[in-house]
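For reference, the chains in residue letters:
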Number of protein chains: 2
Amino acid sequence: MPTATAAQRRKEAREAYDAFLAECPTRQLLETLSDKWMGLVLASLGEGPMRHSELARRIAGVSQKMLTQTLRTLERDGLVTRTVTPTVPVRVDYALTPLGHDLAPVMIAIKTWAEAHMDEVRSARESYDETRPSG
Amino acid sequence: MPTATAAQRRKEAREAYDAFLAECPTRQLLETLSDKWMGLVLASLGEGPMRHSELARRIAGVSQKMLTQTLRTLERDGLVTRTVTPTVPVRVDYALTPLGHDLAPVMIAIKTWAEAHMDEVRSARESYDETRPSG
DNA sequence: CTGCATCCTGACCGATACTG
DNA sequence: CAGTATCGGTCAGGATGCAG
């Protein structure tokens, strides 16, 4: 079809997606991105490539299992590359792909927002809890 | 201490918060914001105030329970206002607070990103799954 | 229409042990 | 060091029924 360029088709596809619809695949992607550790992992890797153990140290409280699971999902979704160096012991490096680099700033923005507005949220909570101490 | 203005103290507090630390309250706030329906609710209300039933319709697949729960959290955190009009039947309107208006664009950005890059993620998944069909 | 309480299932996630 | 597998407790969250 000579009139439909790749760019045009991409644009159409983009407009067809709507995360407000339950059946839309973007809904599932949005939920994946909203997973507990996604933001922190992406924010970490946004600072540069890291080894598995470095990530575990950077992101306090994440279990080895959850970290691996999160990284696997990110790898499958094309946001992160996994590079194994077959030394003894093995060394595994993770880095953002171009797609991952595109997303990372957005995830970092949420983290930054949370850190910047924590005080306001806190006082809002205090007001709310005072208003209804018992229900 | 006369040299520490309110603005300065606020700045210091902001710098002291770090979501990478497990004990930091922002970690919990980040998890709250990452909850399943937060993004979609904030994105909806970013378009303007809405009634409970309107939100339920806009956000396909959300249960009444989860919607109420999400809205309560948002209200408590000072991101959303809840206005009850004591008609029969009751009418309840939700709207973003200034703080909510500050956050909404960031949440919308994630939703938009997901919709814009769904195709790339999809093909990344296909490649990944082809590479390891049985593990 | 909006919201609360209850029940109940399944998924998430941490702990642990084992492989390369 | 990095990853997989298994077990088990916890809890998110859907369904339902009732209230204002």
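A brief structural summary. (Residues numbered from 1 in each chain as written. Chains lettered and ligands numbered in written order. Predicted model: local features only at pLDDT ≥ 70, side-chain atom pairs only at ≥ 80, totals over all residues. Heavy atoms only, no water.)

1. Looking at the environment of T87(B)
Residue and element names in this part refer to chain B.
- Within the element layout of this structure, T87 appears in the loop between β2 (80-85) and β3 (91-96).
- Judged by relative accessible area, which is 41%, T87 ranks as partly exposed.
- Here the side chain of T87 touches P89 through a polar contact of 2.8 Å, landing on its backbone oxygen. (Helix = DSSP H or I, 4+ residues; strand = E, 2+ residues; numbered from the N terminus. Buried < 20%, exposed > 50% of the residue type's maximum accessible area, 1.4 Å probe, protein only. Polar contact = N/O pair within 3.5 Å; in protein donor to acceptor, adjacent residues only side chain to side chain.)

2. Some words on helix α6 (residues 98-131) of chain A
- With 34 residues, α6(A) should reach 50 Å at 1.5 Å per residue; the first-to-last C-alpha distance of 48 Å fits that figure.
- H117(A) marks the point of greatest bend in α6(A), at about 60°. (Expected span 1.5 Å × (residues − 1). Bend = angle between axes of the 7 residues up to and from the residue.)

3. Notes on the relation of the copies chain A and chain B
- Here chain A sits on chain B after a turn of 180° about the axis and a move of 0.0 Å along it, with an RMSD of 0.0 Å. Read as a symmetry element, the transformation amounts to a two-fold axis. When C-alpha positions in chain A are compared against the rotation axis, the closest is assigned to S34(A), at 2.4 Å.
- Comparing contact sets, 100% of the residues at the interface of chain A also lie at the interface in chain B, consistent with an isologous, same-surface contact. (Least-squares fit on C-alpha atoms with pLDDT ≥ 70 in both. Contact = heavy atoms within 4.5 Å.)

4. A closer look at the pattern of salt bridges
- Within this structure, the stated rule accounts for 12 salt bridges over all chains.
- As a salt-bridge pair, E47(A) and R58(A) come within 2.8 Å of each other at their nearest N and O atoms. Within this pair, whereas E47(A) is found in the loop between α3 (38-45) and β1 (50-51), its partner R58(A) is found in helix α4 (residues 52-58), the two being separated by 11 residues in sequence.
- Look at R58(A) and you get partly exposed, because its relative accessible area is 28%.
- As a salt-bridge pair, K111(A) and D18(B) come within 3.9 Å of each other at their nearest N and O atoms. Placement of the pair is K111(A) in helix α6 and D18(B) in the loop between α1 (6-16) and α2 (25-33), with the two residues belonging to separate chains.
- In this structure K111(A) comes out as buried when scored by relative accessible area, which is 11%.
- The class of D18(B) is partly exposed, set by a relative accessible area of 22%.
- Each of D18(A), K111(B) and E115(B) takes part in salt bridges that share partners, so that together they form one network. (Salt bridge = Lys/Arg side-chain N within 4 Å of Asp/Glu carboxyl O.)

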